[in-house]
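Understanding the architecture of this molecule
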Amino acid sequence: MTAESVREQILLCVESIPPGRVMTYGDVAEYIGSRAPRQVGRVLSEGHNVPWHRVVHFDGSCTAALSVEQRQRLISEGVRFLGERVDLKTHRWDGQPG
DNA sequence: ATGTTGACACCGG
DNA sequence: TCCGGTGCCAACA
């Protein structure tokens, strides 16, 4: 498991998130077997062609610097917001197709 | 090798 | 619910 493959796994995982669903950084990290949620954010910050907006914080809050953009995109996909946070109980995706 | 930083997570008050 | 502190891992100077 090289660092490069980890990046691939992260991107694959994020790409696999269906519209209208979200995952937390920790979820993605755990999904690929990493214990570094920060690395997820770091990889996404590199700027890839992936739905990064479907990755939110543990409490459902959006990424600070991109809160506006992220919220817009999510709402555009039908994600419901409770104030400034995503309704994780409804939209959180475990990575399982069902 | 060491210290600092970061699109984070978790616990306690 | 909001805020502060701590733990964790990887990249960078």
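Use the structure listed above.
The sections below set out a description of the structure shown in this document. (Residues numbered from 1 in each chain as written. Chains lettered and ligands numbered in written order. Predicted model: local features only at pLDDT ≥ 70, side-chain atom pairs only at ≥ 80, totals over all residues. Heavy atoms only, no water.)

A word on the protein's contact with DNA strand C
Definition in use: Each residue is tested against the molecule or strand, and it is near if at least one of its non-hydrogen atoms lies within 4 Å. Two N or O atoms count as a polar contact when they lie within 3.5 Å, although within protein this holds only if one can serve as hydrogen donor and the other as acceptor, and sequence-adjacent residues are included solely when both atoms are side-chain atoms. Throughout this entry, Asp, Glu, Lys and Arg are counted as charged residues, while Ala, Val, Leu, Ile, Met, Phe, Trp, Tyr, Cys and Pro are counted as nonpolar. The remaining residues, Gly among them, count as polar.
Near DNA strand C you find A3, R35, A36, Q39, R42 and R85, and these make up its full shell. Here the atoms of DNA strand C within 4 Å of the protein split so that 100% fall in sugar or phosphate, with bases taking the remainder. R35 is positioned with one of its side-chain polar atoms (N or O) 2.6 Å from a phosphate oxygen of DNA strand C. Looking at side-chain class alone, the surface near DNA strand C contains two nonpolar, one polar and three charged residues.

Observations concerning the protein's contact with DNA strand B
Cut-off, in case you're wondering: The secondary structure listing takes helices from DSSP runs of H or I that are at least 4 residues long and strands from runs of E that are at least 2 residues long, numbered from the N terminus.
Lining the immediate environment of DNA strand B, one finds 13 residues, of which R38, S45, H57, F58 and T63 sit closest. By atom count, sugar and phosphate contribute 44% of the portion of DNA strand B lying within 4 Å of the protein. A distance of 3.4 Å is found between a base nitrogen of DNA strand B and a backbone nitrogen or oxygen belonging to S45. Contact between DNA strand B and F58: a phosphate oxygen at 3.1 Å from a main-chain N or O atom of the residue. If you tally residues by element for the surface near DNA strand B, the top one is helix α3 (residues 37-45), at five residues. Considered class by class, the residues forming the surface near DNA strand B number six nonpolar, six polar and one charged.

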